[in-house]
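Structural overview
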Amino acid sequence: AQTVTQSQPEMSVQEAETVTLSCTYDTSESDYYLFWYKQPPSRQMILVIRQEAYKQQNATENRFSVNFQKAAKSFSLKISDSQLGDAAMYFCACSGGGADGLTFGKGTHLIIQP
Amino acid sequence: DTAVSQTPKYLVTQMGNDKSIKCEQNLGHDTMYWYKQDSKKFLKIMFSYNNKELIINETVPNRFSPKSPDKAHLNLHINSLELGDSAVYFCASSHRGTRQAFFGQGTRLTVV
């Protein structure tokens, strides 16, 4: 069984500034993946970034990067140079073994202030 | 070309009816899923399926059943719809190796 916890229901940031969204997880799997998904008002689920647990190097995708602390079971998302289009719900997710699918956190609603 | 497509996007129906949501993926993935997103935006897996096994979340009522005519399709059938079934339902697919899920656009089901 896996659990994913996002402790920030809502975050607000000024345009062009940096914001960090928190996520902690728990899993009994040794081989697992972690993801951040974005859900804008259109409700489409969009992959932001992916991290393989066996990789020590933190994943980055343009303005998006993660801080993966495996021992602490922490997986935070940093968004640099925030843009209005970044406004959305952000979900942290963990995928364990086999075909069990994703376990999601409850999400963080990110507001970008112009 | 849409990678994962589900139809319809919106579905309004009366209590007690039976309905289906269709899902197709053209990514060649070996595993497909159904997720439910409730009114508080919480996403929970309902089923995962590949050609060898069906994994059912134990909390899903047996009124819900997945049907897979082939590897590219996983439809969701719901019998005797209840008010509490109102939600957004997402279909997704992934390759078992990468486990990165690609989602359909969701179906908003409203039971009245």
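First, a word on scope: everything that follows refers to the structure included in this document. In this text the structure is predicted, and so the values were computed from the model without any measurement. (Residues numbered from 1 in each chain as written. Chains lettered and ligands numbered in written order. Predicted model: local features only at pLDDT ≥ 70, side-chain atom pairs only at ≥ 80, totals over all residues. Heavy atoms only, no water.)

**Some details on the overall build of chain B**
Check the secondary structure of chain B and you find zero helices and eleven strands. The order of α-helices and β-strands along chain B, N terminus first, is β-β-β-β-β-β-β-β-β-β-β. Expected size for 112 residues packed as a compact globule is a radius of gyration near 13 Å; at 13 Å, chain B falls within 12% of this value. In terms of its C-alpha atoms, chain B occupies a principal-axis envelope of roughly 40 × 30 × 25 Å. The proportion of buried residues among the 112 residues of chain B is 44%. (Helix = DSSP H or I, 4+ residues; strand = E, 2+ residues; numbered from the N terminus. Rg over C-alpha atoms; globule rule 2.2 N^0.38 Å. Buried < 20%, exposed > 50% of the residue type's maximum accessible area, 1.4 Å probe, protein only.)

**Section: unusual backbone geometry**
The residue after Thr7(B), namely Pro8(B), is reached through a cis peptide bond having omega 0 degrees. A positive phi angle, near 70 degrees, is found at Arg43(A), a position not held by glycine. Within the fold, Arg43(A) resides in the loop between strand 5 (33-39) and strand 6 (46-52). The buried category is assigned to Arg43(A), whose relative accessible area is 9%.

**Description of the state of the cysteines**
One pass over the full model with this rule turns up two disulfides over all chains. The residue that forms a disulfide with Cys23(A) is Cys92(A), at a sulfur-sulfur distance of 2.0 Å. Judged by the sign of its S-S torsion, about -70 degrees, the bond between Cys23(A) and Cys92(A) is left-handed. With Cys23(A) in the loop between strand 3 (19-21) and strand 4 (24-26) and Cys92(A) in strand 10 (residues 88-95), the pair connects residues that are 69 residues apart, well separated along the chain. Linked covalently through their sulfurs, Cys23(B) and Cys91(B) form a disulfide whose S-S length is 1.8 Å. Taking the sign of the S-S torsion, about -75 degrees here, the bridge from Cys23(B) to Cys91(B) comes out left-handed. You can see Cys23(B) sitting in strand 3 (residues 19-25) and its partner Cys91(B) sitting in strand 9 (residues 87-94), a full 68 residues away along the chain. Just as Cys23(B) is buried, Cys91(B) falls in that class too. (Disulfide = S-S within 2.5 Å.)

**A few points about the layout of surface pockets**
Space inside the largest pocket adds up to approximately 500 Å³. Gln2(A), Asp100(A), Thr103(A), Ile45(B) and Asn57(B) are, among the 20 residues lining the largest pocket, the residues nearest its centre. Counting residues per element, the ones that place at least two in the lining of the largest pocket are strand 11 (102-104) of chain A together with strand 5 (43-49) and strand 6 (54-56) of chain B. The element best represented in the lining of the largest pocket is strand 5 of chain B, accounting for six residues. (1 Å grid on protein atoms, 1.4 Å probe; cavity = no way out; pocket = protein on both sides within 12 Å on 5 of 7 lines; lining within 4 Å. Points joined across faces, edges and corners; volume = space filled by probe spheres on them.)

**Remarks on the nonpolar core**
All names here are of chain A. Trp36, Phe75, Leu77, Tyr90 and Leu110 are the most contacted members of the largest nonpolar core, which has 25 residues in total. Within the residue set of this core, elements represented by two or more residues are strand 3, strand 5, strand 6, strand 8 (64-69), strand 9 (74-79), strand 10 and strand 12 (108-113). Ranked by the residues each element gives to this core, the list is headed by strand 10, at four residues. What phenylalanine 75 contacts, discounting residues up to four positions off in sequence, is Cys23, Tyr25, Leu34, Phe35, Trp36, Gln51, Val66, Asn67, Phe68 and Cys92. (Core = buried A, V, L, I, M, F, W, Y, C linked by side-chain atoms within 4.5 Å. Contact = heavy atoms within 4.5 Å.)

Such coordinate-based values are descriptive only and should not be taken to indicate function.
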